[in-house]
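Listed below are the residues making up each chain.
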Amino acid sequence: MLLPRKNNLTIEALAMVTAVVTLTSCARQGQASTQASTQASTQGSAQGSAQGSARTSSVDELQIVPVARATRSNLSTSIALTGEFLPYQEVDVMAKVAGYIRTISVDIGDRVHTGQLLATLEIPEMENDLAKAQAAIEQSEAEFSVTRDELRRATSAHDIAHLSFVRIEDVAKREPGLVPRQEVDEAQSKDLMTEAQVSAAESNLAVAGLRTKVARADETRIKTMNAYARITAPFDGVVTKRYASVGSMIQAGTASQSQAMPVLRVSQNNLLRLILPVPESVVARIHDGETVDVRVPALAQTFPGRVVRFAEKLQQDTRTMDTEVDISNPALKLVPGMYAEVKLQLAERDQVVSVPLDAVDSSTGTPQIFRVDADNVIRRSSVDTGLETAQRIEVRSGLTAGDTVVVGRHAGLRDGQHVQTKLSEVIAEAGSAPEKK
């Protein structure tokens, strides 16, 4: 009975060993299959990466450069200057003669016209001087009348004396010895004496006439000085300051060194001056009659102006030349003292071929550009440049409108190099459209 039991155990153990061996073999086959799949997958990924890297490296060999197109533009250069408005004319109105102010008919801000009465002076002593001059005229005229009568009397006496002398002399010649010689000599002497009296009377009459003229001239002078008691406007303008009031004593402003007080200040503001300091570098480009735009920041408006004159001399301390611009101001909207900005046009070119400023390489001394042809190949060539602005430069020769040029840095670029281009947005001048990407 024991033998069959042992046989059963041996058979069960052999079955279990067989099962374990079978499971182990299956596991090893699965691992081998998994490793083969992993290796195949890894090899495929490696091959794909290698192919992708090869393609990427072939693309990365082409350098990307920013480019822009040459266009036809209206180019201009200008210089911005600032200045202060000044009246076209301004003067302190002073009195020619001393006196007290009787009336003032204007005040600050009033518009006046040439010859308009501004103030009158009271000068009592001048009226006395005028009366004295008139009396002197009457006296000289009376003396003139007296000397004129004396001339007539002397002329009559001379005529009688001369007639008597002629008669006696005639008788003495016709009948010698009839008339004593002494009587003839006396008649001749009387004739000569009366002739001298006529000459003296004529001289006295001339002197009396000159005295009359002197008296009349003195009267005219006093009247002229008396006319200065009326203070009038020297030109059309605006009263900008008032120095005196009614009753103020005004000294005669007859010398520039005097401390005489003015009466009023008048400014011509319907036309203003703008004095601009033009730098030495652009002096040669300033021309008379050139029109400019005058911008007034305080009013946020722009007014037309015109260059009318310049100093023709540089100031030694600033190396600038004063240039005057006239601005019409009929409505008196502009006020002297305001600041203004002016752009002086220096040069202008219409519809010329131009490129961005950084498209031209001047490092070698000769201006050159790097043009990109239709095959994206760089062609380096020399150009002749012209007018240069803050953003663009004129190309006179060596380039045509529509050509593509490299902008920015040119280091490392060479003639014949294949590149990739990227259209760069540039700021165009007036008259040309901006480039687009």
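Look above for the structure.
Residues numbered from 1 in each chain as written. Predicted model: local features only at pLDDT ≥ 70, side-chain atom pairs only at ≥ 80, totals over all residues. Heavy atoms only, no water.

A few words on the pairing of strand E18 (residues 392-397). In summary, the side chains of a regular strand alternate between the two faces of the sheet. Relative to E18, strand E13 (residues 339-356) is paired through three bridges, and the arrangement is antiparallel. In the sheet register, Val355 faces E18, and the bridge partner there is Ile393. By the bridge criterion, three bridges tie strand E17 (residues 384-388) to E18 in an arrangement that is antiparallel. Paired with Asp384 across the bridge in E18 is Ser397. Hairpin connection between E17 and E18: a loop of three residues separates the two successive antiparallel strands. (Pairing = 2+ DSSP bridges. Helix = DSSP H or I, 4+ residues; strand = E, 2+ residues; numbered from the N terminus.)

This part covers the pairing of strand E7 (residues 237-242). Relative to E7, strand E4 (residues 111-112) runs antiparallel, the two being bridged by two bridges. Across the sheet, residue Arg111 finds its bridge partner in E7, namely Val238. In this structure, E7 lies alongside strand E9 (residues 264-279), joined through four bridges in antiparallel fashion. Residue pairing in the sheet places Val238 in a bridge with Ser267 of E9.

In spatial order, the strands read E6-E5-E3-E8; together these four strands make up an open sheet with antiparallel pairing. Taken across any chain shown, the strands that pair with only one partner, and hence form the sheet edges, are strand E6 (230-232) and strand E8 (249-250). Bridge count between strand E3 (residues 99-104) and strand E5 (residues 117-122): four bridges; the pairing is antiparallel. Across the sheet, residue Thr103 finds its bridge partner in E5, namely Thr120.

The next thing to look at is the packing of helix H2 (residues 124-174) against helix H3 (residues 181-227). Axis angle and axis distance: for two packed helices, these are the angle between their axes and the distance between the axes, and together they describe the pair. Put simply, H2 and H3 touch, their axes get as near as 7 Å, and they point 165 degrees apart. Taken together, H2 and H3 sit at an angle that is classed as roughly antiparallel. For the element pair H2 and H3, the recorded crossing hand is left-handed. In terms of residue class, the contact of H2 with H3 is built from 22 nonpolar, 13 polar and 15 charged. (Axes fitted to C-alpha atoms, helices over the stretch in contact; angles between N-to-C directions. Parallel < 35°, antiparallel > 145°, perpendicular 65-115°, else oblique. Left-handed = near helix turned anticlockwise from the far one by under 90°. Nonpolar A, V, L, I, M, F, W, Y, C, P; charged D, E, K, R; others polar.)

Tallied over the entire structure, the rule returns zero aromatic pairs. One residue, Arg273, lies across the ring of Tyr88, its end atom 4.3 Å from the ring centre. (Phe/Tyr/Trp six-rings, centres within 6.5 Å; stacked < 30°, edge-to-face > 60°. Lys NZ or Arg CZ within 6 Å of the ring centre and 35° of its normal.)

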